[in-house]
Amino acid sequence: NAGVMQNPRHLVRRRGQEARLRCSPMKGHSHVYWYRQLPEEGLKFMVYLQKENIIDESGMPKERFSAEFPKEGPSILRIQQVVRGDSAAYFCASSGGGGQPQHFGDGTRLSIL
Amino acid sequence: RKEVEQDPGPFNVPEGATVAFNCTYSNSASQSFFWYRQDCRKEPKLLMSVYSSGNEDGRFTAQLNRASQYISLLIRDSKLSDSATYLCVVTSYGGSQGNLIFGKGTKLSVKP
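Per chain, residue numbering runs from 1 following the sequence as it is written. Chains carry letters and ligands carry numbers; both start at the beginning, A for chains and 1 for ligands, and go up in the order they are written. With the structure being a predicted model, the display of local features is reserved for residues of pLDDT at least 70 and the display and counting of side-chain atom pairs for 80 or more, all residues being used for whole-chain, interface and lining totals. Processing note: side-chain calculations cover all non-hydrogen atoms of the structure and skip hydrogens and water entirely.

Draft legend 1. Molecular detail of the environment of Gly59(A). All names here are of chain A. Runs of H or I in DSSP of at least four residues are treated as helices and runs of E of at least two as strands, each being numbered from the N terminus. Mapping Gly-59 onto the fold places it in the loop between β6 (53–56) and β7 (65–68). Residue classification places Gly-59 among the partly exposed positions, given a relative accessible area of 30%. For the pair Gly-59 and Ile-76, spaced 17 residues apart in sequence, the C-alpha separation works out to 16 Å. Note on contacts: a residue pair qualifies if any of its non-hydrogen atoms lie within 4.5 Å across the two residues. Excluding residues that lie within four positions of it along the chain, Gly-59 makes contacts with Phe-45 and Met-46. Relative accessibility decides the category of a residue: with a 1.4 Å probe and only protein chains considered, values under 20% of the type maximum give buried, values over 50% give exposed, and everything between is partly exposed.

Set out below in structure tokens:
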């Protein structure tokens, strides 16, 4: 499958635990974007990364959230000490840059008990 | 003013109908424009890019008016499979590699 791969598809955590969401971009893509979609809401940008660099994190909450895109391996969105309000669908997208459209993964649906 | 605003919908139309969606955006520096569709609980999928000269892809026609900061999508001969939420999307700032700003979407329901 040459598309954007996200895992897990579904993740259940208790309040206070950590959530790690993974994203492998489409082959040949070096630009990765994370978005969050709350129930009945539109997608909201969180962070834009290229290999080993955070380009734009203006949409990331100031606390508990972090993202990385290491030289090797997938991009990781990490949420520490999760709260009920973190329950959402988290989508990753990738592009080849230069104005090319972004292609999305299936998303990770995070549920907080 | 919201960065990307769309018709609130929902649009309920019979098969074969022509339906038009409108969208306005607030950042005049945006350079890339797209329509995505999203099925219930699925990921957004690119429907088409939108170019200044207007572009067509089968039954779908997209228009862009930079002066008015307005984007439209026309669907002709609607099919049941067109039922989805249509998302108007622009880049966040002047650079074409910017993150995407999504409208809240317009829900389309095509009935037999």
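Anyway, onward from the coordinates.
Draft legend 2. Highlighting the nonpolar core. Each nonpolar core is a collection of buried residues, namely Ala, Val, Leu, Ile, Met, Phe, Trp, Tyr and Cys, held together in the definition by side-chain atoms within 4.5 Å. In this structure, Phe21(B), Trp35(B), Ile71(B), Leu73(B), Ile75(B), Tyr86(B) and Leu108(B) are the most contacted members of the largest nonpolar core, which totals 25 residues. Not counting residues within four places of it along the chain, the set of residues in contact with Leu73(B) comprises Val19(B), Ala20(B), Phe21(B), Trp35(B), Leu47(B), Met48(B), Phe60(B), Thr61(B) and Tyr86(B). With 22 residues, the next largest nonpolar core counts Met46(A), Phe69(A), Leu77(A) and Ala88(A) among its residues.

Draft legend 3. Molecular detail of unusual backbone geometry. Following Asn7(A), the chain continues into Pro8(A) via a peptide bond in cis, with omega recorded as 0 degrees. With respect to the helices, strands and loops of the structure, Pro8(A) is situated in the loop between β1 (5–7) and β2 (10–13). The phi angle at Arg64(A) is positive, at roughly 75 degrees, despite the residue not being glycine. Inspection of the secondary structure assignment puts Arg64(A) in the loop between β6 and β7. Unlike most non-glycine residues, Asp77(B) shows phi in positive territory, near 50 degrees. For Asp77(B), the location among the structural elements is in the loop between β8 (70–75) and β9 (84–91).

Draft legend 4. Seen up close, the packing of aromatic side chains. All names here are of chain A. Note on aromatic pairs: the rings of Phe, Tyr and Trp (six-membered ring only in Trp) are paired at centre separations within 6.5 Å, and the planes decide the class, stacked below 30 degrees, edge-to-face beyond 60, tilted for the rest. On inspection of all chains with the given rule, the structure shows 12 aromatic pairs over all chains. For the pair Tyr-33 and Tyr-48, a centre-to-centre distance of 4.4 Å together with 10 degrees between the ring planes defines the contact as stacked. Of the two residues, Tyr-33 sits in strand β4 (residues 31–37) while Tyr-48 sits in strand β5 (residues 43–50), which places them 15 residues apart along the sequence. Considered together, Tyr-33 and Tyr-48 belong to a single accessibility category, that of buried residues.

Draft legend 5. Here's a closer look at the interface of chain B and chain A. Tallying the contact residues gives 20 residues for chain B and 22 residues for chain A. Take the accessible area each of two parts loses on contact, using a 1.4 Å probe, and add the two losses: that sum is the buried area. Summed over both partners, the interface of chain B with chain A buries about 1,600 Å², with 52% contributed by carbon and sulfur atoms. Salt bridges are defined as contacts in which a side-chain nitrogen from Lys or Arg sits within 4 Å of a carboxyl oxygen from Asp or Glu. Counting across the interface, chain B meets chain A through one salt bridge. Taking the shortest distance from any N to any O, the salt bridge between Lys104(B) and Glu41(A) comes out at 3.7 Å. Think of a polar contact as two N or O atoms within 3.5 Å of one another; within protein, one of them needs to be a possible hydrogen donor and the other a possible acceptor, and neighboring residues in sequence only count if both atoms come from side chains. Here chain B and chain A share four residue pairs in polar contact (both at pLDDT 80 or more) between them. Counting residues per element, the ones that place at least two in the side of chain B that touches chain A are β4 (33–38), β5 (44–49) and β10 (100–102) of chain B. Under the scheme applied here, ten amino acids are nonpolar (Ala, Val, Leu, Ile, Met, Phe, Trp, Tyr, Cys and Pro), four are charged (Asp, Glu, Lys and Arg), and all others, including Gly, are polar. When grouped by side-chain class, the residues that make up the side of chain B that touches chain A number eight nonpolar, eight polar and four charged.

Draft legend 6. Region of the structure containing the state of the cysteines. Residues and elements named next belong to chain A. In this description, a disulfide is simply a cysteine sulfur pair whose atoms lie within 2.5 Å. What the rule picks out here adds up to two disulfides over all chains. The disulfide bridge from Cys-23 ends at Cys-92, spanning 1.8 Å between sulfur atoms. Judged by the sign of its S-S torsion, about -60 degrees, the cystine formed by Cys-23 and Cys-92 is left-handed. With Cys-23 in strand β3 (residues 19–24) and Cys-92 in strand β9 (residues 88–95), this pair connects stretches of sequence that are 69 residues apart. According to the relative accessible area criterion, Cys-23 is buried, its value standing at 0%.

Draft legend 7. Structural view of the sheet that holds strand β8 (residues 75–79) of chain A. Residue and element names in this part refer to chain A. Strands qualify as paired when DSSP identifies two bridges or more between them. Pairing is antiparallel in the open sheet, where four strands are placed in the order β1-β3-β8-β7. Two strands bound the open sheet, and with one partner strand each, they are β1 and β7. Geometrically, the sheet is characterised by an average inter-axis angle of 15 degrees between neighbouring strands, direction not taken into account. One ladder, built from four bridges, connects β7 with β8; its direction is antiparallel. Angles here are taken between N-to-C directions and fall from 0 to 180 degrees, while the axes themselves are lines fitted to C-alpha atoms, restricted in helices to the stretch in contact.

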